[in-house]
Amino acid sequence: MICILTVIGLQSCRQKSEVKTFFISHNAQQSHPVHKGIVKLQEELEKKSNGKLVVKIFPDAQLGSEREVLELLQIGSVAIAKVSAATLSNFVPEYNVLAIPYIFRDKAHKFKVLEGTVGKEILEKGSDSWLRGLCYYDAGSRSFYTKSKAIRTPDDLKGLKIRVMNDQMSINMVNALGGSATPMAYGELYTAIQQGVVDGAENNAPSFVSSNHYEVSKYYTLDEHASVPDVLVVSTKWWDTLTEEEQQWLQEAADTSAEAQKEFWRLSVLESMETAKAAGVEVIVPDKSLFAVKTESVLENFIANYPNLAPLVNRIKAVE
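Residues numbered from 1 in each chain as written. Predicted model: local features only at pLDDT ≥ 70, side-chain atom pairs only at ≥ 80, totals over all residues. Heavy atoms only, no water.

Chemist: Describe unusual backbone geometry, and please don't skip the residues or the numbers.
Modeler: Positive phi, close to 55°, is recorded for D60, a residue that is not glycine. In this structure, D60 sits in the loop between β2 (53–58) and α3 (66–74). Looking at D60, the relative accessible area reads 38%, which means it is partly exposed. For E224, which is not glycine, the phi torsion reads 50° and is therefore positive. According to the relative accessible area criterion, E224 is partly exposed, its value standing at 32%. (Helix = DSSP H or I, 4+ residues; strand = E, 2+ residues; numbered from the N terminus. Buried < 20%, exposed > 50% of the residue type's maximum accessible area, 1.4 Å probe, protein only.)

In structure tokens form, the structure reads like this:
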């Protein structure tokens with residue numbers, strides 16, 4: 001609470017000077033591609049504004065969880081945050097679509113969607129909730145990793161307890177593949193795999209390695225079932241205090257940082273895969289179409305619950 005009040009107090013003082021200082025929050029470590037991308041935004045914005053817009057970065061969830069920080073954005077106490085589209089979907093339903101298994105055909109399709117008309121429209125949808133999207137950051141693709149049994153086809157998931165995030169899409173996805181979805185706090189997962197409480201989990205390569213889960217999981221299957229992006233979100237209450245020129249500077253700096261972050265992410269994936277392989281992890285490249293077919297029921301269930309979002313799903317699939 002003291003931290004939040006301090007943030008609010010500091011933020012309210014920014015208009016007392018010609019220099020506007022604002023805060024960006026994220027939950028990643030300073031070695032993470034997300035932090036490096038935001039540092040690029042910091043550098044670009046201070047250059048474009050000739051020092052008039054100054055960024056202070058708060059990494060490692062210093063200002064709270066993603067959900068807590070989004071609530072601070074809504075009241076204007078924090079200016080910008082990087083959050084997962086999955087977290088943002090609690091405030092803006094359209095982001096749910098980006099978490100549907102195999103909604104993107106491949107990485108090229110994903111960025112054509114996100115950086116095109118459809119993606120920009122989703123970013124703007126958040127303005128109704130005081131959460132304007134600036135750009136997307138690459139968060140890679142989530143794949144399965146297991147301790148004792150290799151997953152080469154969906155049938156190999158039968159009877160396995162797989163840790164998932166506590167959201168319905170992830171639960172439905174694992175269950176549709178024949179596994180037993182087991183929601184669990186991320187901080188408990190290393191020990192849970194080690195002790196056999198769960199048989200495995202799913203995440204992107206940098207997270208698989210930075211969490212040290214590769215030490216207790218000797219199989220990593222690149223089925224790439226979900227490619228949920230991160231989103232850089234600005235509080236509309238803070239955005240509206242900027243001049244049109246300042247808004248343009250910020251948007252351009254965000255776009256530049258997004259391009260840089262994609263390269264930071266690519267390099268991080270390569271490094272993580274090398275680390276995992278060197279530790280004896282078997283990397284499996286399966287036939288992804290087998291997994292995609294088995295998860296079609298997840299999309300059907302989603303459309304049944306959100307019929308108003310069916311046109312958005314169709315538009316994403318139609319992007320060439």
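Still more to cover.
Chemist: Could you give an account of the sheet that holds β2, naming the residues involved and the relevant values?
Modeler: Taken in spatial order, the five strands line up as β2-β1-β3-β10-β4 in an open sheet, and their pairing is mixed. Across the chains shown, the open sheet's two edge strands, defined by having one partner strand only, are β2 and β4 (131–137). Across the sheet, the mean angle from the axis of one strand to that of its neighbour is 25°, orientation sign disregarded. Its contacts with the sheet place helix α6 (residues 117–125) against β4 and β10 (230–235), and it is angled at close to 140° to β4. Across the face of the sheet, helix α11 (residues 244–278) comes into contact with β1 (20–25), β2, β3 (80–84), β4 and β10 while running at roughly 30° to β4. (Pairing = 2+ DSSP bridges. Axes fitted to C-alpha atoms, helices over the stretch in contact; angles between N-to-C directions. Contact = heavy atoms within 4.5 Å.)

Chemist: Describe the nonpolar core, listing the residues and the values that go with them.
Modeler: Core analysis: the biggest nonpolar cluster contains 54 residues, and Y95 and L98 have the highest contact counts within it. Y95 has contacts with A85, L88, S89, I122, L123, G133, Y136 and V231, leaving out every residue within four places of it along the chain. With 25 residues, the next largest nonpolar core counts I80, L232, W238 and W249 among its residues. (Core = buried A, V, L, I, M, F, W, Y, C linked by side-chain atoms within 4.5 Å.)

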